[in-house]
Each structure stands twice: as structure tokens, then as C-alpha cells.
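# Analysis of the macromolecular model
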Amino acid sequence: MLIQRLLLRDYVREHFPDAKILEFFDDGYSGTNFDRPGIQDLLDRVRNYEINCIIVKDFSRFARDYIELGSYLEQIFPFMGVRFISINDKYDSDKYTGNVTDIDVNFKNLLYDLYSKDLSVKIKASMRSIKAQGKYVGSKAPFGYAKDPKDRHKFIIAEDEAAIVRRVFDMYAEGISTVEIARTFNEEGVKTPAQIWMEKGIRKAKPKGGAFVWQNTSLLRMLKNRAYIGDLVQGTYECKKIRSDKRATDPSKWIITENHHERILGSDPNILPDI
């Protein structure tokens, strides 16, 4: 990303020495995702007539959907009076004499689009293969566990968290509802998973409303979690596109590895309640 920025800055210094420069970047976001924050900020400024020229390294840095890109180059930017320059593609809307739908530009856009879709399919297939081998690929272990320092695909029990998990299951087995458990925990000041993860540096998210609060919905998810009987369940959600919103998958597609790690709840296979 740094090399791309240096390339763009050099181009601006050479061709637009007196221009006011604004930089927009989306490190870590795929070009297939047009909702990335940097591009949305850029378009907001275009709509407010704060920008009259956009310069990118190549078309794929702006968008990889060739239909969407063509709409902006042929209709939206000309209407807003915005000049568009793609350095590597040698495209400048002020100097380009043909239509953007000409075969050279359109074919490049199509290649970018197909490459992104192919890459997405390959990444998904690779991840599913890893999961099928019984390897965990998530960023953090389920509450009650920590990633094994000797094998990041495995879990070890985090006793401070596991004690809370066991208490939740014990209380529920005694007939106490999740609403009552949440109320008791909040009154006692029992730390929530999010609070514990933040204190351990695993998660940075701050609580809504300024306070960590137990919710019965999070307790219900905990009571359904097969991780506590040693099973690893993956593939429960999927993204239609890279970094797009998640959606639940059919249970028949879940990838389950039994006896993946040590149980927090002991040896009874029926200890998970039927909720």
C-alpha cells in the first residue's frame, strides 16, 4: 500500500504541483466491496462538490465490478464534473476520446471482476479444506478457552472463563432461566466475555452505553455451544462475498470435528440442554 501511495504522490507532484491532496485508502478491504469506508468517504465528498479529480493506480483500486465502474466513469463522474485518472491503465477522462465501453477498457474491467470472483472461490475452498482437517481458523477461541500456544488451531481451557461457563450451566440445570442468570450476574458484577476479552487484549470493542451487561441471548448461545463438550463446529455462517454480511448456513453444511479439544463440562455427552 505504501508503494501505491508513493506512486500516486509522485504523479500528482509532476502533473498537479499546486493541487490540494486528499488521500483515501481502505487497507485490508477487498476491491469487490464497494461499501468500504474510504470509498464511501470519497463519494460523499464528490456529492458535496469537494473533489474535481480522482487519481488511482489502476481501475481495480476503485472497483472490480466492471458494470459498476463503467457507470461511474461514463455517467456519474462526468455529470459531477469529476476527472478520473488511472495511472497504470493510461486512462484520463479528460483526454480519452473513445467510450469507456470500448473493448480495451471494458475487457480490463471484466478481467479484474473475474479475478476477484475466482480469488474469492479459491479462498473459500481453501478455508473449507483446512476446517475439514479439524483445524480452527477463527481469530479468537470460544469463551472459556484460549488458543493453544503450541498449536493455534487447538484450544486449551482458560480456567477463569471456564468457571463462569460451568456456573451458567449449573444454574440453568437447577431451573434458573437465562433472564434470571443475567440479572444475577449483573447484580454481582460478574464480568462479561467481552469485558474479559478486552482486559486480556483479545478484543478492543467498547460496550454500548458505556457498561458491560449480561444479556439472556448471549447466555442462550453459550448453552447451545458444542465447544464446551469438546466439539469444534465451523461453517455455521458464510459470506456471499469477501467481507460481506454473514448469513447462517444449513446445519447439513456444518463442519464438525468431535473431541477436538478438552471438555469444560465433563464427560456427559447429553449435558447441553435442548433449547
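Just so it is clear, the structure is predicted and the values come from calculations on it, not from any experiment.

## Topic: the confidence of the model for the protein chain
Within the protein chain, residue pLDDT values average 81, and 80% of them lie at 70 or more. Summarising per-element confidence for the protein chain, the mean pLDDT is lowest in helix 5 (residues 103–132) (61) and highest in helix 7 (residues 178–188) (96).

## Focus: helix 9 (residues 216–224)
Residues lying three or four places apart along an α-helix face the same way, a consequence of the helix completing one turn every 3.6 residues. Listing the buried residues of helix 9 in full gives Leu219, Met222 and Leu223. Buried residues of helix 9 fall within an arc of 95° about the axis and therefore sit on the same side. Each element contacted by the buried residues of helix 9 is listed here: helix 6 (159–173) and helix 7.

## Considering the packing of helix 6 against helix 7
Packing of helix 6 against helix 7 leaves a shortest axis separation of 10 Å and a crossing angle of 135°. The orientation of helix 6 with respect to helix 7, classified from their angle, is oblique. Between helix 6 and helix 7 lies a crossing of right-handed hand. Seen from helix 6, the contacting residues are Ile164, Arg167, Val168, Met171 and Tyr172; seen from helix 7, they are Thr178, Ile181, Thr184, Phe185 and Glu188. Split into classes, the residues belonging to the contact of helix 6 with helix 7 amount to 6 nonpolar, 2 polar and 2 charged.

## Here we look at the side chain of His261
Following the sequence through the fold, His261 ends up in the segment after strand 9 (255–257). Since its relative accessible area comes to 9%, His261 is described here as buried. A polar contact of 2.8 Å, which involves the side chain of His261, links it to the side chain of His260. His261 has contacts with Tyr145, Phe155, Ala227, Gly230, Asp231 and Leu232, leaving out every residue within four places of it along the chain.

## Things to note about the packing of aromatic side chains
Enumeration over the complete set of coordinates arrives at 13 aromatic pairs. Measuring from ring centre to ring centre gives 4.7 Å for Tyr136 and Phe155, while their planes differ by 70°; the resulting arrangement is edge-to-face. Placement of the pair is Tyr136 in the loop between helix 5 and strand 4 (145–148) and Phe155 in strand 5 (residues 151–157), with a sequence separation of 19 residues. Between Tyr145 and Phe155 the ring centres are 5.7 Å apart and the planes differ by 35°, which places this aromatic pair in the tilted class. Of this pair, Tyr145 sits in strand 4 while Phe155 is found in strand 5, placing the two residues 10 residues apart along the sequence. Looking at Phe155, the relative accessible area reads 6%, which means it is buried. Members of the aromatic cluster, connected to one another through ring pairs, are Phe59, Phe62, Tyr72, Phe77, Phe84 and Tyr91. Of note, Lys140 hangs over the ring of Trp197, and the distance from its end group to the ring centre comes to 5.0 Å.

The rules we used
Residues numbered from 1 in each chain as written. Predicted model: local features only at pLDDT ≥ 70, side-chain atom pairs only at ≥ 80, totals over all residues. Heavy atoms only, no water. pLDDT = per-residue confidence, 0-100. Helix = DSSP H or I, 4+ residues; strand = E, 2+ residues; numbered from the N terminus. Buried < 20%, exposed > 50% of the residue type's maximum accessible area, 1.4 Å probe, protein only. Arc of directions from axis to C-beta. Contact = heavy atoms within 4.5 Å. Axes fitted to C-alpha atoms, helices over the stretch in contact; angles between N-to-C directions. Parallel < 35°, antiparallel > 145°, perpendicular 65-115°, else oblique. Left-handed = near helix turned anticlockwise from the far one by under 90°. Nonpolar A, V, L, I, M, F, W, Y, C, P; charged D, E, K, R; others polar. Polar contact = N/O pair within 3.5 Å; in protein donor to acceptor, adjacent residues only side chain to side chain. Phe/Tyr/Trp six-rings, centres within 6.5 Å; stacked < 30°, edge-to-face > 60°. Lys NZ or Arg CZ within 6 Å of the ring centre and 35° of its normal.

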